[in-house]
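Working through the structure, step by step
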Amino acid sequence: MKIRDSYTCPLELTHDIIRGKWKPIILWQLDKHNASLAQLENEIEDINQKMLLEHLKELAEHKIIGKTTYEGYPLKVEYYLTERGKQLVEAIVIMQSVGVQLMQENGMENFLKVNSFIS
């Protein structure tokens, strides 16, 4: 994602960087633990490898995530949150909390229980 020449506010820039269906979920997963491409692909239901790689590249370009490449065969790459990424996760946690409340209000407690969001 290329940064535009002008924005109306800083929030618009941040939104451009993390918008979409998958980026907040990728950040959520990386907040739990550093992960390889294969781990992220397994943990994020319905994402395909091409989309995951594209989003990881964009997040890395903006220093939201970083990656460590280990020597050897097969090549191992591990992705992690940077300090900027950790700051963004704080906002995502608030969004998650609001989502839980909305699901509870709309009778979706079973989903929350099955997926361990509430006990």
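Details of the structure are given in the entry above.
Residues numbered from 1 in each chain as written. Predicted model: local features only at pLDDT ≥ 70, side-chain atom pairs only at ≥ 80, totals over all residues. Heavy atoms only, no water.

1. A look at the nonpolar core
For soluble globular proteins, nonpolar side chains are generally found buried alongside one another. Membership of the largest hydrophobic core comes to 22 residues, with the highest contact counts inside it found for Ile26, Leu27, Leu30, Leu40, Leu56, Ile65 and Tyr79. Contact partners of Ile65, with chain neighbours within four places excluded, come to Leu27, Leu30, Leu56, Leu59, Ala60, Tyr79, Tyr80, Leu81 and Thr82. (Core = buried A, V, L, I, M, F, W, Y, C linked by side-chain atoms within 4.5 Å. Buried < 20%, exposed > 50% of the residue type's maximum accessible area, 1.4 Å probe, protein only. Contact = heavy atoms within 4.5 Å.)

2. Focus on the environment of Lys76
Residue position: Lys76 is located in strand β2 (residues 76–81). Taking the C-alpha atoms as reference points, Lys76 and Ala38, 38 residues apart in sequence, are found 10 Å from one another. Not counting the four nearest positions on each side in its chain, Lys76 is found in contact with Thr68, Thr69 and Tyr70. (Helix = DSSP H or I, 4+ residues; strand = E, 2+ residues; numbered from the N terminus.)

3. Points about unusual backbone geometry
Geometrically, the link from Tyr73 to Pro74 is a cis peptide bond, its omega value of 0 degrees lying close to zero. Tracing the sequence through the fold places Pro74 in the loop between β1 (65–70) and β2. Of note, Asp46 is a non-glycine position whose phi angle comes to about 75 degrees, a positive value. Take Asp46: it is sitting in the loop between α3 (37–43) and α4 (49–61).

4. Observations regarding the packing of aromatic side chains
For the structure shown, the criterion picks out zero aromatic pairs. Against the face of Tyr70 rests Lys76, its NZ or CZ located 5.3 Å from the ring centre. (Phe/Tyr/Trp six-rings, centres within 6.5 Å; stacked < 30°, edge-to-face > 60°. Lys NZ or Arg CZ within 6 Å of the ring centre and 35° of its normal.)

5. Some points on the environment of Asp16
Residue position: Asp16 is located in helix α1 (residues 10–18). Sequence separation between Asp16 and Ile3 is 13 residues; the distance between their C-alpha atoms is 8.0 Å.

6. Let's talk about the packing of helix α2 (residues 23–32) against α4
The description of two packed helices rests on the angle between their axes and on the distance between the axes. Taken N-terminus to C-terminus, the directions of α2 and α4 make an angle of 75 degrees; their axes are 10 Å apart at the nearest point. With respect to α4, the element α2 is oriented roughly perpendicular. Between α2, through Lys23, Ile26 and Leu27, and α4, the contact on the second element is made entirely by Leu52, His55, Leu56, Glu58 and Leu59. (Axes fitted to C-alpha atoms, helices over the stretch in contact; angles between N-to-C directions. Parallel < 35°, antiparallel > 145°, perpendicular 65-115°, else oblique.)

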